[in-house]
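Listed here are the chains, written in short residue letters.
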Amino acid sequence: MKTKIIAGTLGIAAAALAVYSYMILPDTVAVQIGVDGQVSNTMPKLFAVALPLVITLGGCGVTVFGKKESKGKGIVLSVVGIGVMIVTILFNR
């Protein structure tokens, strides 16, 4: 029961971050920055928002529907997806 609440909270947070990301990110999003500080790879906004959301929701699915041994891995995967969203927002401000 506790892991379902955590997974639901992470899923809602990811959805809210995805909406916020879609509103503030430019049409072309920087996803890689080289050692020299210059953008080395870009991605369209929709894909840059959808990819971490899918990662997070996949982790939530593993947490809720997976085996008992994989529930921790699902939570970690969800947190990683949210972290990717946050880093993307920070790099593209």
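So, here is what we can say about the structure in this document. (Residues numbered from 1 in each chain as written. Predicted model: local features only at pLDDT ≥ 70, side-chain atom pairs only at ≥ 80, totals over all residues. Heavy atoms only, no water.)

### Quick word on the overall build of the chain
Regarding its fold elements, the chain presents 3 helices and 2 strands. The linear arrangement of helices and strands in the chain, starting from the amino end, is α-β-β-α-α. Once the C-alpha set of the chain is aligned to its principal axes, its extents read approximately 45 × 25 × 15 Å. A total of 93 residues make up the chain; the buried ones form 31% of that total. (Helix = DSSP H or I, 4+ residues; strand = E, 2+ residues; numbered from the N terminus. Buried < 20%, exposed > 50% of the residue type's maximum accessible area, 1.4 Å probe, protein only.)

### Brief notes about the side chain of N92
Structurally, N92 is set in the segment after α3 (71–91). Overall, the relative accessible area of 15% leaves N92 in the buried class. Side-chain polar atoms of N92 contact the backbone oxygen of T88, separated by 2.8 Å. For N92, the residues in contact, after removing those within four places along its chain, are L25, P26, V29 and A30. (Polar contact = N/O pair within 3.5 Å; in protein donor to acceptor, adjacent residues only side chain to side chain. Contact = heavy atoms within 4.5 Å.)

### Looking at the packing of aromatic side chains
Taken as a whole and judged by the stated rule, the model has 0 aromatic pairs. Lying over the aromatic face of Y22, K45 brings its terminal NZ or CZ to 4.5 Å of the ring centre. (Phe/Tyr/Trp six-rings, centres within 6.5 Å; stacked < 30°, edge-to-face > 60°. Lys NZ or Arg CZ within 6 Å of the ring centre and 35° of its normal.)

### Looking at the packing of helix α2 (residues 45–65) against α3
For the pair α2 and α3, interaxial distance at closest approach is 7 Å and the crossing angle is 165°. The orientation of α2 relative to α3 falls into the category roughly antiparallel. Here α2 runs over α3; the crossing is left-handed. Across the interface between the two elements, P52, L53, I55, T56, G58, G59, C60, V62, T63 and V64 from α2 touch K71, G74, I75, L77, S78, G81, I82, V84 and M85 from α3. Split into classes, the residues belonging to the contact of α2 with α3 amount to 11 nonpolar, 7 polar and 1 charged. (Axes fitted to C-alpha atoms, helices over the stretch in contact; angles between N-to-C directions. Parallel < 35°, antiparallel > 145°, perpendicular 65-115°, else oblique. Left-handed = near helix turned anticlockwise from the far one by under 90°. Nonpolar A, V, L, I, M, F, W, Y, C, P; charged D, E, K, R; others polar.)

### With respect to the pattern of salt bridges
Enumeration according to the criterion identifies 1 salt bridge in this entry. Residue K45 is joined to D27 by a salt bridge in which the shortest nitrogen-to-oxygen separation is 3.9 Å. Here K45 is found in helix α2, whereas its partner D27 is found in the loop between α1 (2–24) and β1 (28–33), with 18 residues between them in sequence. (Salt bridge = Lys/Arg side-chain N within 4 Å of Asp/Glu carboxyl O.)

### What about the packing of α1 against α3?
The N-to-C vectors of α1 and α3 enclose an angle of 20°; their axes lie 10 Å apart at closest approach. As far as their axial angle goes, α3 and α1 are roughly parallel. When you trace α1 past α3, the crossing you get is left-handed. Of the residues in α3, those touching α1 at T3, I6, L10, A13, A14, L17, A18, Y20, S21 and I24 are K71, I75, S78, V79, I82, M85, I86 and I89. Among the residues forming the contact of α1 with α3, the class breakdown is 14 nonpolar, 3 polar and 1 charged.

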